[in-house]
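Summary of structural features
One-letter residues, chain by chain:
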Amino acid sequence: MSEQQPGADELRTRTQELLAAHPPATTEAIDFLKARFDAGLAWVHYPVGLGGLGAPRSLQPVVDAELAAAGAPDNDPRRIGIGLGMAAPTVLKYGTDEQKRRFLRPLWVGEEVWCQLFSEPGAGSDLAALGTRAVRDGDHWVVTGQKVWTSSAHLARWAILIARTDPDLPKHQGITYFICDMTDPGVEVRPLRQITGEAEFNEVFLTDVRIPDAHRLGAVGDGWKVAQTTLMNERVSIGGMRLPREGGMIGPVARTWRERPELRTHDLHQRLLTLWVEAEVARLTGERLRQQLVAGQPGPEGSGMKLAFARLNQEISGLEVELLGQEGLLYSDWTMRRPELVDFTGRDAGYRYLRSKGNSIEGGTSEVLLNIVAERVLGLPAEPRNDKDVAWKDLAR
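Quick caveat, the model's predicted, so the values are computed rather than measured.

A separate point is the side chain of Ser 360. Within the element layout of this structure, Ser 360 appears in the loop between α10 (349–355) and α11 (366–377). Residue class for Ser 360 comes out buried when judged on its relative accessible area of 19%. Of the polar contacts made by the side chain of Ser 360, one reaches the side chain of Gln 314; its length is 3.0 Å. What Ser 360 contacts, discounting residues up to four positions off in sequence, is Lys 306, Ala 310, Gln 314, Thr 365 and Ser 366.

Before going further, it helps to spend a moment on the pattern of salt bridges. Under the definition given, this model contains 33 salt bridges. Measuring nitrogen to oxygen at the nearest pair gives 3.2 Å for the salt bridge that ties Asp 9 to Arg 12. Note that Asp 9 and Arg 12 are positioned in helix α1 (residues 8–21) at a spacing of three residues, about one turn of the helix. The residue Asp 213 makes a salt bridge to Arg 136 at a minimum N-O spacing of 3.6 Å. On the criterion of sequence distance, the pair formed by Asp 213 in the loop between β7 (201–212) and β8 (216–217) and Arg 136 in strand β2 (residues 133–137) is long-range, its members being 77 residues apart. Note on Arg 136: relative accessible area 43%, which makes it partly exposed. Through salt bridges with shared partners, a single network forms among Asp 126, Lys 171, Arg 385 and Asp 387.

Below, the discussion takes up the nonpolar core. Of all hydrophobic cores here, the largest spans 36 residues; its most connected members are Trp 43, Leu 104, Trp 108, Trp 114, Phe 118, Ile 162 and Tyr 177. Broken down by secondary-structure element, the contributors of at least two residues to this core are α2 (29–38), α4 (81–94), α5 (97–109), β4 (158–164), β5 (175–181) and α6 (223–239). Looking at this core element by element, the count peaks at seven residues for α4. Beyond its immediate sequence surroundings of up to four residues, Leu 104 is in contact with Phe 37, Trp 43, Tyr 46, Leu 50, Ala 88, Val 91 and Gln 99.

With that settled, consider the environment of His 172. Secondary-structure assignment places His 172 in the loop between β4 and β5. Judged by its relative accessible area of 25%, His 172 is partly exposed. His 172 sits 49 residues away from Gly 221 along the chain, and the two C-alpha atoms are 8.7 Å apart. The contacts of His 172, once residues within four sequence positions are left out, are Ala 128, Trp 224 and Arg 385.

Direction vectors running N to C along α2 and α5 enclose 135 degrees, while the axes themselves pass 9 Å from each other. Put simply, α2 runs oblique to α5. Judged by the twist between their axes, the crossing of α2 over α5 is right-handed. Listed contacts from α5 to Ile 30, Leu 33, Lys 34, Arg 36, Phe 37 and Asp 38 of α2 are Leu 104, Arg 105, Trp 108 and Val 109.

Looking along a regular strand, one sees side chains alternate from face to face of the sheet. Bridging between β2 and strand β3 (residues 140–147) involves five bridges; their strand directions are antiparallel. From the neighbouring strand, Arg 136 faces β3, where its bridge partner is Trp 141. Between β2 and β3, which pair antiparallel one after the other, the connecting turn spans two residues, and Gly 138 there sits at a positive phi close to 65 degrees. Where β3 and β7 come together, seven bridges link them in antiparallel fashion. In the sheet register, Gln 146 faces β7, and the bridge partner there is Phe 205.

Procedures and definitions
- Residues numbered from 1 in each chain as written.
- Predicted model: local features only at pLDDT ≥ 70, side-chain atom pairs only at ≥ 80, totals over all residues.
- Heavy atoms only, no water.
- Helix = DSSP H or I, 4+ residues; strand = E, 2+ residues; numbered from the N terminus.
- Buried < 20%, exposed > 50% of the residue type's maximum accessible area, 1.4 Å probe, protein only.
- Polar contact = N/O pair within 3.5 Å; in protein donor to acceptor, adjacent residues only side chain to side chain.
- Contact = heavy atoms within 4.5 Å.
- Salt bridge = Lys/Arg side-chain N within 4 Å of Asp/Glu carboxyl O.
- Core = buried A, V, L, I, M, F, W, Y, C linked by side-chain atoms within 4.5 Å.
- Axes fitted to C-alpha atoms, helices over the stretch in contact; angles between N-to-C directions.
- Parallel < 35°, antiparallel > 145°, perpendicular 65-115°, else oblique.
- Left-handed = near helix turned anticlockwise from the far one by under 90°.
- Pairing = 2+ DSSP bridges.

Quick look at the structure:
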């Protein structure tokens, strides 16, 4: 193993040195996380100086296991999932050295929350049709438009944003990718109350928001290419998250089945067995997908994982409501709140049933993902398109 590629033993040694220098029992959580980042133990496959050591991605569990055994704090990844799963890999791939140094450390330790300004009221499934404009003004860009379905916008310090910089080009070509300051006075965040009663989503209005050109990721007009990195990582982070056996949605319904024998029927038993097996297959497939990531960037296979995630969540939550009978129709709390994270397993069956309906929309609709799997995984012919070479300004809207 070369010096640039530390092995498992060296990572264990470095982790123990971190714990000795910053004992979790007497060190503030944020201080420990900063020290962990600086030691290269945040994400070990990242470059030295950016939270990593240039080690194989497959060795991250070695560090995580040592820290968990010592009771070390984590960075609450569910709260900062957009930053960790989408912004960070995009900044790493396309950001300048200055951008990487500025954004990655506060992102990973959780000091700065990120959101994603991609979807628009008229550009959801057809994201490349987006109409938010960015006009060059010296060394700044002036951005005006509206975004929607923005998770954590009410908490975010920064946003990853795609906007149209050249309406004379076809829709996929005239887009540029930016980092947007959510504290700019031209940014207005409004809650979108969901069927759960909560408003974890938002709509965001951008009025003459000024973004320095230094906060552009990638070349002007390359926004769609940059966005593909974000979207591929998003689908892996949603559909391929690491879970233990009976983790995720299958856990609560399996626990209810064991603890409430009076609710059991033969039909429900057969359906539960089928979904348990499918959930375990999806979990193991996710493990395999993460192993493939060791060799490079996530591919379209992540779309297949996200498809399975959405379908399973909806079928499992529906089975849980049926299993509970009249009790499953109860809903404990429809209070309007703006939560920091989505908590599937810590809530009741009614919440899981309602919230899972959004799984087939968020992170790419199931219909769009089916097309991606068909064309990029199975190699089937693409559907005919008559707008591919038409200037965005000439498209019917």
